[in-house]
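# Report on the structure
Chain by chain, the residues run as shown.
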Amino acid sequence: MNKIFALVDCNNFFASCERVFNPKLEGKPVIVLSNNDGCIIARSNEAKALGLKMGAPYFEHQETIKKNNIHVFSTNFTLYGDISQRVMMILSNFTPELEIYSIDEAFLDLTEMPGINLSDYSQKIKKTIRQWTGMPVSIGVAPTKTLAKIANHLAKKNPDYSGVLDFINLPEKDKALEKVKVENIWGIGRKHSKFLIKNNINNALQLKNTDDQWVKKHMGVVSQRIVLELRGEVCYPLDLNPADKKEICTSRSYGHPLENYEEIEQATTTYVTRTAEKLRKQHSFAQTLIVFLMTNRFSKDPQYANYKIIQLPVATNDTIELIHYTVKALKSIFRKGYKYKKSGVIVTNLIPDNQRQFVLWDEKDREKSKELMNTIDKINKKLGRDKIGYAIQGTLRPWKMRQEKLSPCYTTKWEDILTINL
DNA sequence: TCTGGGGTCCTAGGACCC
DNA sequence: TCTGGGGTCCTAGGACCC
């Protein structure tokens, strides 16, 4: 039986989130910046039309921004995460067959919903989300995920579709595919589109009709699967239970360059604290810890970057233990006399609780540590992040990232809830 | 002054084993 | 001059995603 996938994708998600509680931004150009207010990472349609590119450095476009009165925001992940959850919750009312693919998009399997009109049903989903959350979405319906992505792309671009394209019942499918440039196909990135164009394969229709063995030979099996999916053959089924993460990374650029070891230590141990929390959240234990730091690659100052890999004697997700090894690693790679820009930690070789191996001479009381971490997590969940922190993290945080244009946390902070004056 | 952060999967090649 | 063959596991790096 043929499958029916729908891809629901929020339009310009971060920019739209900023609009939800600030309706006077409707119709105006809006951009959202990356951490540290570094790059432009989300743009409303109006901002796109002004030529602002994804990932462009913010400081290079000050003039355009001022001239066109573009509204600028720092990333407010608390707000975006909360709105995302609300959207996903609504989607789960429409079908239990739901795969949350990223913060702003989800695949739905509508195969087992006989009798529905796919277009009408999608319009209903779209309308409900808009009405209940204020978030505009586009929906593409197709027999494979790759085609659903394409249908979604077309629905977004062409106003005639009013945000929904049912590719399954589309009369002229090939004509639609012909309009999709090869670089806009899900899974075809910069390198591969360059290669395809060089070989005179410029759009989705041409790629669909390319010999898939040839594609496999020159571009690998991932690209071969894309060709098959374009022909309607499912290679990527719906994934209802995404697996635990195999690797967890926390790293950030500092608000300004750091030279002092103590400050770098404070920042990096704060990162590993976050990492340990993420580990405990998915009930994993790390066997390997990697700590890295680097100078600013864009600056003319002397450059230095290094990392240290530590095999942990006993798999752990205990913050105190991970801080201990992070400091050890950091001390071994820190060199005086450089202006550091960024550091981070990665934990990998993650295993679940029941696969842990213990050592005879282990001095740590692991039961006690587990209870301690549980308690700290509970308190911080209730009272706010780092309410209970570790002395080594420091309190002044001179390395903290810049977020000069942060919007209020409308939905998650009592002080930030809107007041309506009647 | 100012250039993000966090992931996955695949592949080729080396190490090692019998 | 000759110097096996087949297999697995691991790792680094590439490509891609949002």
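Read on for a plain summary of the structure. What you see is a predicted model; the values in this text were computed from it and never measured.

Turning to the protein's contact with DNA strand C, a few remarks are in order. Around DNA strand C sit 13 residues, and of these S102, K149, G187, K191 and H192 come closest. A breakdown of the atoms of DNA strand C within 4 Å of the protein gives sugar and phosphate a share of 100%. With respect to DNA strand C, the side chain of K149 contributes an N or O atom lying 2.6 Å from a phosphate oxygen. Only β5 (98-102) and α8 (190-198) provide two or more residues apiece to the surface near DNA strand C.

Here the focus is the protein's contact with DNA strand B. Around DNA strand B, a shell composed of 23 residues is seen, among which K246, C249, S251, S253 and K341 lie nearest. Among the atoms of DNA strand B close to the protein, meaning within 4 Å, 74% are from sugar or phosphate groups. Between DNA strand B and S251, the relevant distance is 2.6 Å, taken from a phosphate oxygen to a main-chain nitrogen or oxygen of the residue. Counting residues per element, the surface near DNA strand B draws most heavily on strand β9 (residues 247-258), which supplies seven residues. Among the residues making up the surface near DNA strand B, the classes are represented as eight nonpolar, six polar and nine charged.

Take the packing of aromatic side chains next. One pass over the full model with this rule turns up 18 aromatic pairs. Ring geometry for F21 against Y410: centres 4.6 Å apart, planes inclined by 20°, an arrangement best described as stacked. Placement of F21 in the loop between α1 (13-20) and β2 (30-33) and of Y410 in the segment after α14 (366-383) is noted, with a sequence separation of 389 residues between them. Aromatic side chains F77 and Y80 sit 6.0 Å apart centroid to centroid with 70° between the ring planes, which places their arrangement in the edge-to-face category. Here F77 pairs with Y80, and both are found in helix α4 (residues 77-94), just three residues apart, close to one helical turn. Against the face of F107 rests K145, its NZ or CZ located 4.9 Å from the ring centre.

Cut-offs used in this document
Residues numbered from 1 in each chain as written. Chains lettered and ligands numbered in written order. Predicted model: local features only at pLDDT ≥ 70, side-chain atom pairs only at ≥ 80, totals over all residues. Heavy atoms only, no water. Near = heavy atom within 4 Å. Polar contact = N/O pair within 3.5 Å; in protein donor to acceptor, adjacent residues only side chain to side chain. Helix = DSSP H or I, 4+ residues; strand = E, 2+ residues; numbered from the N terminus. Nonpolar A, V, L, I, M, F, W, Y, C, P; charged D, E, K, R; others polar. Phe/Tyr/Trp six-rings, centres within 6.5 Å; stacked < 30°, edge-to-face > 60°. Lys NZ or Arg CZ within 6 Å of the ring centre and 35° of its normal.

These values are about where atoms sit, not about what they do.
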